[in-house]
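Chain residues, written in single-letter form:
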Amino acid sequence: MFEKEWVEEDIIVMEPGDISSIEALETSRIVMMTLPGIKNDKVYVDLQDVTEGGQNLQRIYDAESVRKILNIMGRLLEFSYLGTKDGDGIEKTEQDYIQMQKQAYENPEVSPEDIVGQYEWHEEYPYETFLLYKNGDIRKPIFENTKDKAALDFACGPGRMVKRMMKVFQKVDGCDISSRLIQEAKERVPEADFYVTNGNDLGDVPLNHYDYIYCTISMQHIASYQIRQCILKNMNQALKKGGKIVLQMAYNPAFPYVKEREQYLINDKQVRIYEKDDMADYFGNDFDAKKTNGLHDVGIGENDLPKIKEDFSRNFSNVTVWFSNVRNYYNNLNGRKHSEYWATDWVYIYAEKSESISFN
C-alpha cells in the first residue's frame, strides 16, 4: 500500500483526499478507523462482461483490474466532510431543519407552481389510480364507497390534489407547513378547510375525524425519520377507527447508489461507477440539510422495504406497498414531459389505523 510493504502492527494514517489500493500478500486482518466520516469515500462499482450483449455474466476481482478501477475512482471522488454542525460549531436540531423548510416554502419569489415542480406533468399523472386502488388495480379499491368519506391531504401545497380528490370524497381538507401556500389553496378551493402545520404535525386538524389521509410528492422531501414519525403519530390520531393512509414516496431499487458518474471499458469489461447522491437514508435525521423540496430528499431502496414495512407495522395494521414505474411516464403524459429524476418508481405505502396498537 502506498508502494510500500507493511507488516503486523504497522499503523497507516491516511489524510483526507488520499487514495490508495490495498494488495494483501497473505491472509491478513485489517482494522480500519475513520474519523470523521467523509462523503463519497465509497462508491459502488458494477463490472459487466460486454462480450455477450452487456449482460452481467462475470465479476472480476484480479488485482490489476481492481487497481485500475481504484485509480479511476481516485480521479472522480470529490471529498467533503459531513456533519451536524454549522460553521460556528453549533449542532443542528429538528427545529433548525423545520425552520429551513418553512423559509423555503414561504419564499414569495417562488411561485406555487414552481414549488410543486413539473406542475403540468403532475396534473396529468393518474394519482387517483394509485392512491385509491391497491397495486393501481381498479378491481381492488381500498374503499367500497367514498361518497360518504372525509379525506385529508397532507402537505397539500396550493390545493392541487384537494381539488381533484373532491370529485371522489364527500369532503377533503388540507394541511401544509407554508401559510402562504395554504392561503393560495383557500383561494383555489374555498369549500375545503385548511390548516397550517408546525412542520412535524398536522396543525389543528380535528381528531378521530378522517376516513383517509394521503400525500403526494411531499413526504420524500422530509429528510428526517424523527419528524416523519411525529407526523405519522398525528395521522394516527386524526383517523377514525379503521381509517386508512396512503403515502407516496420516491423509490429506486439501487438506492443510495443512484447517480452514475462515469463508464469505462477495461479490457472486455464495462465499468459503471455510481456514487451516493445527496439524499438522506430513510431512518436518518439530516437536520443539517441546507435545502429541501427535491434538493435534499429521503430515498427508499429495495433493501429498505422490509425494514419500512416492519416499522409501520409497529403502529398500523395491514401495511402494504405497491409501485408505479414512473420512468414509463416521464415523457408520456399527453405530451407533458418530466425532467430526469433519480427515482425509478413511486412507492405507495398503505396502512390502516388499529385500535389495538399504540403509537410508540
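Reading the values: the criteria
Residues numbered from 1 in each chain as written. Predicted model: local features only at pLDDT ≥ 70, side-chain atom pairs only at ≥ 80, totals over all residues. Heavy atoms only, no water. Phe/Tyr/Trp six-rings, centres within 6.5 Å; stacked < 30°, edge-to-face > 60°. Buried < 20%, exposed > 50% of the residue type's maximum accessible area, 1.4 Å probe, protein only. Lys NZ or Arg CZ within 6 Å of the ring centre and 35° of its normal. Salt bridge = Lys/Arg side-chain N within 4 Å of Asp/Glu carboxyl O. Helix = DSSP H or I, 4+ residues; strand = E, 2+ residues; numbered from the N terminus. Patch = residues over 30% accessible without salt bridge, like charges linked within 9 Å, V, L, I, M, F, W, Y side chains within 5 Å. Areas by Shrake-Rupley, 256 points an atom, 1.4 Å probe, with all protein chains shown as cover. Lys, Arg positive; Asp, Glu negative; His and termini not counted. Charge placed at Lys NZ, Arg CZ, Asp CG, Glu CD. pLDDT = per-residue confidence, 0-100. Contact = heavy atoms within 4.5 Å. Pairing = 2+ DSSP bridges. Axes fitted to C-alpha atoms, helices over the stretch in contact; angles between N-to-C directions. Polar contact = N/O pair within 3.5 Å; in protein donor to acceptor, adjacent residues only side chain to side chain.

### A closer look at the packing of aromatic side chains
For any pair of aromatic rings, the description rests on two quantities: the centre-to-centre distance and the angle between the ring planes. Following the criterion strictly, the structure yields 19 aromatic pairs and no others. For the pair Tyr341 and Trp346, a centre-to-centre distance of 6.1 Å together with 55° between the ring planes defines the contact as tilted. There is no split in this pair, since Tyr341 and Trp346 are both buried. Sitting over the face of the ring of Trp6, Lys4 holds its NZ or CZ atom 4.2 Å from the ring centroid. Its end group placed over the ring of Tyr282, Arg228 keeps NZ or CZ at 4.4 Å from the ring centre.

### Points about the pattern of salt bridges
What the rule picks out here adds up to 14 salt bridges. Between Arg188 and Glu113 there is a salt bridge; the shortest N-O distance is 2.6 Å. On the criterion of sequence distance, the pair formed by Arg188 in helix H7 (residues 179–188) and Glu113 in helix H3 (residues 112–116) is long-range, its members being 75 residues apart. Residue classification places Arg188 among the partly exposed positions, given a relative accessible area of 27%. Between Asp148 and Lys149 there is a salt bridge; the shortest N-O distance is 3.0 Å. When salt bridges with common partners are traced through the structure, they connect Glu123, Glu128, Arg160 and Arg164 into a single cluster.

### Brief notes about a negative patch on the surface
A contiguous patch of negative charge, built from Glu5, Glu8, Glu9, Asp10 and Glu26, is present on the exposed surface. You can see Glu9 is positioned in the segment before strand E1 (38–39). Exposure remark for Glu9: the relative accessible area of 74% places this residue in the exposed category.

### Observations regarding a nonpolar patch on the surface
Taken together, the side chains of Phe2, Ile12 and Met14 define a hydrophobic patch exposed on the protein surface, amounting to about 240 Å² of accessible area. Mapped onto the elements, Ile12 comes out in the segment before E1. Looking at Ile12, the relative accessible area reads 32%, which means it is partly exposed.

### Let's talk about the confidence of the model for the chain
Close inspection of predicted coordinates is inappropriate in any region flagged by low pLDDT. This prediction gives the chain a mean pLDDT of 86; 82% of its residues lie at or above 70. Counted against residues more than four places away or in other chains, residues 78–85, with its pLDDT under 50, gives 23 contacts.

### Focus on the sheet that holds strand E11 (residues 317–324)
Hydrogen bonding along the main chain pairs the strands of a sheet, whether they run parallel or antiparallel. Sheet architecture is open: 7 strands sit in the order E6-E5-E4-E7-E8-E12-E11, paired in mixed fashion. The outermost strands of the open sheet, each flanked by one partner alone, are strand E6 (194–196) and E11. Taken pair by pair, the neighbouring strands of this sheet meet at an average axis angle of 15°, ignoring direction. Note: strand E4 (residues 150–154) against strand E7 (residues 210–215), 3 bridges, orientation parallel. Note on E7: the bridge partner recorded for Leu152 is Ile213. Of the strands in this sheet, E4, E7 and strand E8 (239–251) are in contact with helix H8 (residues 225–238), which crosses E8 at around 145°.

### Overview of the environment of Asn208
Looking at the secondary structure, you find Asn208 in the loop between E6 and E7. Along the sequence, Asn208 and Lys240 sit 32 residues apart, while their C-alpha atoms lie 4.3 Å from each other. Discounting chain neighbours no more than four positions away, the residues touching Asn208 are Gln237, Ala238, Leu239, Lys240 and Lys353. A polar side-chain atom of Asn208 sits 3.2 Å from a polar atom in the side chain of Lys353.

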